[in-house]
Amino acid sequence: MINAVLVFNNNGQPRLTKFYTQLETSVQQRLISEIFTLVSNRPNSACNFLPLPPLLASSSKSSTPTTPHNDTPSLVTYRHYATLYFIIISTSTESPLALLDLIQVFVQALDGLFENVCELDLIFNFETLHATLAEMIVGGVVVETQLDRVVEGVKAQGKVAKRPVNEGKSGLGLGGFGRGEGVWAGR
Amino acid sequence: MFEKSLYDLIRGLRNHKGTEKEYIAESIRECRKEIRSNDMDLKSTALMKLTYLEMFGYDMSWASFNVLEVMSSPKYRHKRTGYLAAVQSFRRDTEVLMLAENQLKKDISSPTPTVISLPLNAIPHVINPSMANSVLSDLLPRLTHSHASIRKKTVVTLYRLALVYPETLRPAWPKIKERLQDEHEDPSVTAAIVNVICELGWRRPQDFLPLAPRLFDLLVEGNNNWMAIKLIKLFATLTPLEPRLIKKLLPPLTRIIKETSAMSLLYECINGIIQGGILEAVEGTSDGEEIARLCVGKLRGMMIIEGDANLKYVALLAFERIVRSHPHLVSQQQDVILNCIDDPDISIRMRALDLVVGMVNTDNLTAIVGRLMRQLRTAPTVSSTENTANDRSGQTGLGPYGEPDDSDAEESLRQEKRSDQPPPLPDDYRVTVIRRVLEMCSRDTYANITDFEWYIDVLVQLVRVSPATKTASDTDEDLDIEDVDDVSHGIGRQLQNVAVRVKSVRPEAVEAAQSLVLVDRRDQMFPSSGNGGLGVLEYAGWIVGEYANYLTNPDATMTSLLHPTSTQLPSKTLAIYLQAVPKVFASMAGSEQVSWTPERKTLMTLLMARIVHFLEPLSTHPSLEVQERAVEMLELMRLASEAASGTVTGDAYGDFTDPPLLLTQAIPALFSGAELNPVAAGAQHKVPIPDGLDLDTPINPNLNTLLAEAEQEGFESDEDDVYAAYSEPPASHPSTAPHHTPAADRLDVPLKEKEPTSYQNATEDEYLDPDILARRKAERRERYKDDPFYIDPEAQQTSRPLTPLGSIVRAGNEEVDIDAIPIMDLDLHHTSSRSASDPHVGRTRSPRKAPKRVEIMGDETLGPSDTGDSSAREDIVAPRRASAAAGKSKKSLLQVDSSQLGALSLEDDGSGPMTQLDIERKEAEEAEMKRALMEVERLRLEMQRASERVEARREVVVRKKKKKVRKAEIDGEEVVVPVGDEGGEGREKGVKKKKKKKNADAEGKAEERDKDGGEDGQEGVVKKKKKKRRQVVLDDEGGAE
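Naming follows an unreviewed UniProt entry, where chain B appears as AP-3 complex subunit delta of Sporormia fimetaria CBS 119925. Here chain B is described in UniProt, under the heading Sequence similarities (unreviewed entry), as follows: "Belongs to the adaptor complexes large subunit family." One UniProt comment on chain B, placed under Subunit (unreviewed entry), says "Adaptor protein complex 3 (AP-3) is a heterotetramer."

Chain A is annotated in an unreviewed UniProt entry as AP complex subunit sigma of Sporormia fimetaria CBS 119925. As stated in UniProt under Subcellular location (unreviewed entry), the record for chain A gives "Endomembrane system". According to the UniProt record, the Sequence similarities (unreviewed entry) comment for chain A is "Belongs to the adaptor complexes small subunit family."

So this is what it looks like as structure tokens:
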């Protein structure tokens, strides 16, 4: 299952924190900080999987090859879009490559809701950000992976607010996604 | 008054760069005020702002009651804010959770789908067992809600409910199963159910076997890749239980591997085949070969594909899973895997590192270790300050601060981005590499090592690259934990271990230890910066002491041990040093063959004076261990120097004069009693207590007088006997005698038979420092100096007798008279067999050859060795043991514990076989229920009598009226009862009972039949109180029917 979904920007400022277990606020912040340290040092060519941050690493070493699964979070997957890092922490029951696609769906859904989404949209509409995530993941289990249904689900909850006009949006239009159009086509 | 919206707050934050803290503090103050207002809009906005700030770590637990208020607002907008705040801020200890229960129940039953979604999303975050029981009945009907989105969320919510309250699954599972079997169900609901089953599946795979046919159909026909991945993962846990599945699964899996366009699905298919044991099951058949080739081929393809590091990473993950079961498949891919060790990406390196630890063998050990060593040696060290600069906490503080440049935040997210910095080689990675090297080499008591001299050199090299430890060496006695974790201790332990276990390289090990101990070589032997590697001194100090007679330079060693800087060492190391000093001294002073000349006397006296000088200040050392040893040694040295100065010296060139016996006999005897051998952990416990051993009575009742006598006796007279008695091991100790000599001793192989191993799979100059290399070369040259065929510095040959040709070659550049070269008869038979191992051919020879036989002492133990112990053995791979053990007991931070589910069977209640425990529990429940019933009956009769007495005095009219009221109510009930009283519906009755309460008090009529059909032992003590009224109701029903 998925243990946490985090979004923070290039400076490590959180934009979305969702922990599917109850965790002390200070511990949450420490974890974000540790992951940010790990993620911000990654080179361009590096893969999208992080080694476990110290807070999580201590307890996962006991996992043995004899038990293929357990409840311990063992996988930290991330993707970096423009100014934001999207991170998913999960156990071994999730497929690493599929999680990458899941993040892609999430971002595409946000893009569908905000039209050429950027970090500012998410700052000012963090409720919508949460709502979008809630359409995809409930209690750490993925409930929807189809883009249109996610968007539909969020829209059903009410009008999605746009970014305030005077915040301006200039010099954008970096159209097109890096990877394939179909959600599942690439990987 | 002007109130800020969330938008204002965020803008404010962005406009208050530098003073965010004050701004936030003020905003929270405002929120505190606003949240108490009666205006729900204001309240909700304040809550929204608090939730936003919570994301940055600002506490909002004080607002939990207000969260409830906003949640209960009738407006959806407020509700949504309230629920979000609850999810983000409620913790286990939040007290208002109890109050939230009713709100949750109410919203679950709402007619609006969007409202139902809110509690469905929130329940997984806030649920506790008592609440779970209560909301369960409201959740169950939602499984058949008309909206698919509600159904799928309900399924997941029920799963999370089951994690805290496993009983949830009893009523819920049959319904979920029904959803799954329904072919007309919305695909997304089916996918959600599959996701949940996948989570449940690995806990109790046997419960899901009956579903296999349906799941198989879904896999074959399904076009949802996410679900297919989950199905494959699920099947991988089912196949071990149901081998027939394998045959069925193979065709579709093969088809998917060949056809799918989604790499994730392809990968999971291979993974499933590996993990489900399908490879083993079909081994030997043509199908099996094909599938194995297909899988491994695809994995290899993932490794070598250009530009996709992710595939490399997951392929390594997959290899790691099969390395234990299919080492041959993995070793075929050794080339690509080894390349990953040097991958610039640290994640991939780590995976590769884990993997190679599993695949080392005698042949590739040197190559793999060589690569890792080269990495450690050549990679630039990252200073730790650089690291923290990137740390968010290292910045001026946390906060939702505005970005330095707004346009940054407006960048479209569409472009996935990756930074370009080169990877650092952080210290913890270095530590991991060193640990892995030690782990690989020491596995199975050095089963993979053929050349221990090489290993010693590797260890020495490791000391030089070991990173600095974080805790500065403290002289106090707060030892351990971090100390033990320090990787240099691991290296030291290995060096010690080799010195003890491998007799043949003991001189080399001692040499290495000596070079580590020598103070003037410290700059060279240890990392130039930081305090890395110093932990190894503890072990090196022990080795130079224990094997002092192997020392090539005892004087210098002694000088280093007594060096003033030694007193600055950690107390643990210092204590070891103190023990080593007299040992080295004993070896230096102990020779009894050398005459006691004035020269020798002066040297000894001087040496002892130095030792005393070193020890004196330490007798007041804060560490008790150091202090005690210092005092002991000090006294011993004073005695010895007295003895030395008291003994008359002989003529330097004249007759032999005996040196003082204290120096030649007594002190050496203190340390050279018995050979130290490795002893298995736990062997001590197995030593049987001999019969008749009485540990209680004093051996000599006159101990005190004995000691006093001993004190008076001189040392000169009969010290030999006294010391011999103490130092020599008893010849026939009852317990250790049979095991005294290791069996391996008898298998001793003469040293010259050993052949040097090949070094061709790794060039040493890549990973060993020049000085170590130079020494190795010199040693080799020395060894082969008489070998006429020795040309190649990496030769393979043991020394051979000097031949005429050899002497000519050695003659160097002098003119060689060709005629002078004698013509030899060549024994062709002999040489042809030789030529196979000729050094010139040796270069191209395969590295695979019979491993050199080096005698490695095993652990001594008594009785059957117990395998469980060996894994926990301190002296083999100790570094990670402590932390692993600690980790096992500790729950991971983000972990959602599902272990409770393991105990719950999902079999249908009736058909499922009951365990003994279940039966016992049921019996106990029934017995208790019987007791409760009897008690209730007794109370009922008492009350009945009492009420009869009261009623006798009451007026008839009143009674009649009451009777009427009751009748009416019974009529109403008749409609309700048949709906759902099947046995488990105690709750519904409970509600009815409450209604009944008002007028039930007057009714105390005797009821004969109190056998209660609905009674099934599910309600406990609570029921007792309600019992009486309930029986009244039932009885009336009976009458009405």
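From this point on, the discussion continues.
**A look at the overall build of chain A**
Each helix and strand in chain A was counted, giving six helices and seven strands. Tracing chain A from N to C terminus, the helices and strands come up as β-β-α-β-α-β-β-α-α-α-β-β-α. Taking all 187 residues of chain A together, the buried fraction comes to 72%. Taking all contacts inside chain A whose residues are at least 6 apart in sequence as the whole, residues at least 24 apart take part in 57%. Entry remark: accessible area of chain A is about 5,300 Å², with carbon and sulfur atoms responsible for 54%.

**Comments concerning the overall build of chain B**
When its secondary structure is counted, chain B shows 49 helices and zero strands. Expressed as a percentage of its 1041 residues, the buried residues of chain B come to 48%. Restricting to contacts in chain B with at least 6 residues of sequence separation, those with at least 24 account for 74%. Accessible surface for chain B amounts to roughly 53,000 Å². Of this, 54% is attributable to carbon and sulfur atoms.

**Overview of helix α29 (residues 506-517) of chain B**
All names here are of chain B. The terminal C-alpha atoms of α29 lie 16 Å apart, and with twelve residues this matches the ideal 16 Å at 1.5 Å per residue to within 8%. A large share of α29 lies buried, amounting to nine of its twelve residues. Among the residues making up α29, those that are buried are R506, A509, V510, A512, A513, Q514, S515, L516 and V517. The inward-facing, buried residues of α29 abut α26 (452-465), α28 (487-501), α30 (522-525), α31 (536-546), α32 (554-561) and α33 (571-589).

**A closer look at a nonpolar patch on the surface**
All names here are of chain B. A grouping of F65, M98 and L99 is seen on the molecular surface, where their side chains present a nonpolar patch of about 340 Å² in accessible area. Within the secondary structure, L99 is located in helix α6 (residues 97-108). Judged by relative accessible area, L99 falls into the exposed class, the value being 52%.

**As for the sheet that holds strand β2 (residues 14-19) of chain A**
Sheet strands associate in pairs through backbone hydrogen bonding, adopting either a parallel or an antiparallel arrangement. Residues and elements named next belong to chain A. One open sheet accounts for five strands, arranged β2-β1-β5-β4-β3; its pairing is antiparallel. Looking at strand neighbours, the two that pair on one side only are β2 and β3 (49-50), the edges of this open sheet. Two elements, β3 and strand β4 (residues 75-81), share two bridges in a ladder whose sense is antiparallel. The residue bridging L50 from the neighbouring strand is V76, located in β4. Strand contacts of helix α3 (residues 96-114): β1 (2-9), β2, β3, β4 and β5 (84-90), with the helix running at about 35° to β4, the strand carrying the most contacts.

**Here's the deal with the nonpolar core**
Y52(B), Y455(B), L462(B), F585(B) and L663(B) are the most contacted members of the largest nonpolar core, which totals 280 residues. The dominant element in this core, judged by the number of residues it contributes, is α3(A), at 13 residues. Sequence-distant contacts of Y455(B), defined by excluding residues within four places in its chain, comprise L438(B), C441(B), Y446(B), I449(B), Q494(B) and V498(B). Counting 20 residues, the second largest nonpolar core, distinct from the first, contains L23(A), V39(A), I87(A) and L894(B).

**What about a negative patch on the surface?**
Among the surface-exposed residues, E24(A), D59(B), D93(B) and E95(B) lie close enough to one another that they form a single negatively charged patch. Topologically, E24(A) is positioned in the loop between β2 and α1 (25-40).

**Considering helix α12 (residues 212-221) of chain B**
Looking only at α12(B), the buried set comprises A212(B), R214(B), L215(B), F216(B), L218(B) and L219(B). Looking at the packing, one finds that the buried side of α12(B) touches α10 (169-181), α11 (187-201), α13 (225-238) and α14 (244-259) of chain B.

**Topic: the pattern of salt bridges**
All names here are of chain B. Evaluated as defined, the whole model comprises 38 salt bridges over all chains. R151 is the salt-bridge partner of E185, the closest N and O atoms lying 2.6 Å from each other. Of this pair, E185 sits in the loop between α10 and α11 while R151 sits in helix α9 (residues 148-164), placing them 34 residues apart in sequence. R151 shares its class with E185; the two are buried. A salt bridge links E635 to R638; the shortest N-O distance between them is 3.5 Å. On the criterion of helical spacing, the pair formed by E635 and R638 is a turn pair, its members being three residues apart in helix α35 (residues 624-646). Judged by relative accessible area, which is 43%, E635 ranks as partly exposed. We classify R638 as partly exposed; its relative accessible area is 32%. Put simply, E320, R351, D354, R436 and E439 are held in one network by salt bridges that share partners.

**A few points about the packing of aromatic side chains**
Inspection of the entire model under this criterion finds 14 aromatic pairs over all chains. On the basis of an interplanar angle of 50° and a centroid distance of 5.8 Å, the ring pair of F8(A) and Y85(A) is categorised as tilted. Remark: Y85(A) occurs in strand β5 and F8(A) occurs in strand β1; sequence separation between them is 77 residues. As far as burial versus exposure is concerned, F8(A) and Y85(A) are alike and both buried. For K248(B), the ring lying beneath its charged end belongs to F216(B), and the centroid distance is 3.9 Å.

**Re the confidence of the model for chain B**
All names here are of chain B. Per-residue confidence for chain B averages 72 on the pLDDT scale, and 66% of its residues sit at or above 70. Counted against residues more than four places away or in other chains, residues 418-423, with its pLDDT under 50, gives 18 contacts. Low confidence marks residues 908-914, where pLDDT is under 50. Its contacts with residues over four positions away, or in another chain, come to four contacts.

**Some words on the confidence of the model for chain A**
Residue and element names in this part refer to chain A. With 79% of its residues at a pLDDT of at least 70, chain A reaches an overall mean of 79. The least confident element of chain A, judged by mean pLDDT, is helix α2 (residues 54-60) at 69; the most confident is strand β6 (residues 137-138) at 94. Across residues 60-66 the pLDDT falls below 50, and counting only partners more than four positions away or on other chains, this stretch makes nine contacts in the model. With pLDDT under 50 throughout, residues 166-187 is counted as low confidence; its partners more than four residues away or in other chains account for 63 contacts.

What counts, and at which threshold
- Residues numbered from 1 in each chain as written.
- Chains lettered and ligands numbered in written order.
- Predicted model: local features only at pLDDT ≥ 70, side-chain atom pairs only at ≥ 80, totals over all residues.
- Heavy atoms only, no water.
- UniProt positions renumbered as here; feature names shortened; annotations may be inferred.
- Helix = DSSP H or I, 4+ residues; strand = E, 2+ residues; numbered from the N terminus.
- Buried < 20%, exposed > 50% of the residue type's maximum accessible area, 1.4 Å probe, protein only.
- Contact = heavy atoms within 4.5 Å.
- Areas by Shrake-Rupley, 256 points an atom, 1.4 Å probe, with all protein chains shown as cover.
- Expected span 1.5 Å × (residues − 1).
- Patch = residues over 30% accessible without salt bridge, like charges linked within 9 Å, V, L, I, M, F, W, Y side chains within 5 Å.
- Salt bridge = Lys/Arg side-chain N within 4 Å of Asp/Glu carboxyl O.
- Pairing = 2+ DSSP bridges.
- Axes fitted to C-alpha atoms, helices over the stretch in contact; angles between N-to-C directions.
- Core = buried A, V, L, I, M, F, W, Y, C linked by side-chain atoms within 4.5 Å.
- Lys, Arg positive; Asp, Glu negative; His and termini not counted.
- Charge placed at Lys NZ, Arg CZ, Asp CG, Glu CD.
- Phe/Tyr/Trp six-rings, centres within 6.5 Å; stacked < 30°, edge-to-face > 60°.
- Lys NZ or Arg CZ within 6 Å of the ring centre and 35° of its normal.
- pLDDT = per-residue confidence, 0-100.

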